[in-house]
Amino acid sequence: MLKHKAALVTGGTSGIGKATALALGVAGAKVVFSGRRETEGKATEAQLRNARVDCLFVQSDVSNEDEIKALVQTTVATFGTLDCAFNNAGMEAPMKPLHEQLIEDFDKLMSINVRGLFLCMKYEIQQMLSQGSGVIVNNSSMGGLIAFPGLSPYHASKHAVMGLTRSATLDYARQGIRINAVNPGMIATDMIDRMVGEGAADGLTSMVPMGRLGQADEIAQTVVFLCSDAASYITGQPIVVDGGYTAT
């Protein structure tokens, strides 16, 4: 499906990012993936190569402009092009009312979830404009469309992802660049355990019409579809993968 394509995944050392790097590779893409943790990155690189994925791990922090610029340059230098990018790197915030939130936590969250994604898009789009084509998928959240109590900074960041996605779509749709967002619901990852408390995530299944948490690979396969020619007329959209939660 993605044979001869070059893909970039940020936040690719665990969870949804790791699953997506593997899924893109299995679909035929050559994959560069990044993350801040070198040990986890090298371990993931070995796992992907064992699955016969042509890949490269690059240690980088999405909040650092120079590192993101270099990440895109490394992708192009290694594989010759940048056909698709999954901007997945993100973090959660402590779950508590807005007046109890710390400004330090808010600033850190925004530096990764919003500023970091902006920087990724900026340099990815520059490269894609020079090629005349490309696909970007941003990892938002169903929390970029709706809200839960106690998560106001997180929701603000994910609504910002949707704003960046939709506005950039209008800038580049006629220049061969498609930009969409995937909006996961409650997915069984370490992040959801950190957000609601370890072991408490299982209790969320009663809130989901399908009666279970989603899996990282279900998000990964959605990203693969959005990066493929099968999604050639889809741009500027939030693709919700939430087991039916937002239907309620």
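Whatever comes next refers back to the structure up there.
All values reported here derive from a predicted model rather than from experimental measurement. (Residues numbered from 1 in each chain as written. Predicted model: local features only at pLDDT ≥ 70, side-chain atom pairs only at ≥ 80, totals over all residues. Heavy atoms only, no water.)

Draft legend 1. Main features of the pattern of salt bridges. A complete count under the given rule lists four salt bridges for this structure. Linking Arg37 and Glu40 is a salt bridge whose minimum nitrogen-to-oxygen distance equals 3.3 Å. Judged by its relative accessible area of 39%, Arg37 falls in the partly exposed class. Among the salt bridges present, the one from Arg49 reaches Glu45, with a minimum N-O distance of 3.5 Å. Linking Arg49 with Glu45, this pair stays in helix α2 (residues 38-50), spanning four residues, or about one helical turn. By relative accessible area, which is 46% here, Arg49 ends up partly exposed. In this structure Glu45 comes out as buried when scored by relative accessible area, which is 8%. Connected through salt bridges with shared partners, the residues Lys42, Glu45 and Arg49 form a single ionic network. (Salt bridge = Lys/Arg side-chain N within 4 Å of Asp/Glu carboxyl O. Buried < 20%, exposed > 50% of the residue type's maximum accessible area, 1.4 Å probe, protein only. Helix = DSSP H or I, 4+ residues; strand = E, 2+ residues; numbered from the N terminus.)

Draft legend 2. Molecular detail of the side chain of Ser140. You can see Ser140 is positioned in the loop between β5 (134-139) and α5 (152-172). Using a relative accessible area of 3% as the deciding quantity, one classes Ser140 as buried. Within polar-contact distance, the side chain of Ser140 engages the backbone oxygen of Lys158 at 3.2 Å. Beyond its immediate stretch of four places on either side in the chain, Ser140 contacts Lys158, Val161, Met162, Ala181, Val182, Asn183 and Pro184. (Polar contact = N/O pair within 3.5 Å; in protein donor to acceptor, adjacent residues only side chain to side chain. Contact = heavy atoms within 4.5 Å.)

Draft legend 3. Geometry of the sheet that holds strand β4 (residues 84-87). Pairing within the open sheet is parallel, and its seven strands lie in the order β3-β2-β1-β4-β5-β6-β7. Both edges of this open sheet fall to β3 (55-59) and β7 (238-241), since each of them pairs with a single strand only. Here the average twist between neighbouring strands, direction ignored, is 20°. Across four bridges, strand β6 (residues 177-184) lies against β7 in parallel orientation. From the neighbouring strand, Ala181 faces β7, where its bridge partner is Pro238. Strands in contact with α5 are β5, β6 and β7; relative to β6, the strand with the most contacts, it is inclined by about 160°. (Pairing = 2+ DSSP bridges. Axes fitted to C-alpha atoms, helices over the stretch in contact; angles between N-to-C directions.)

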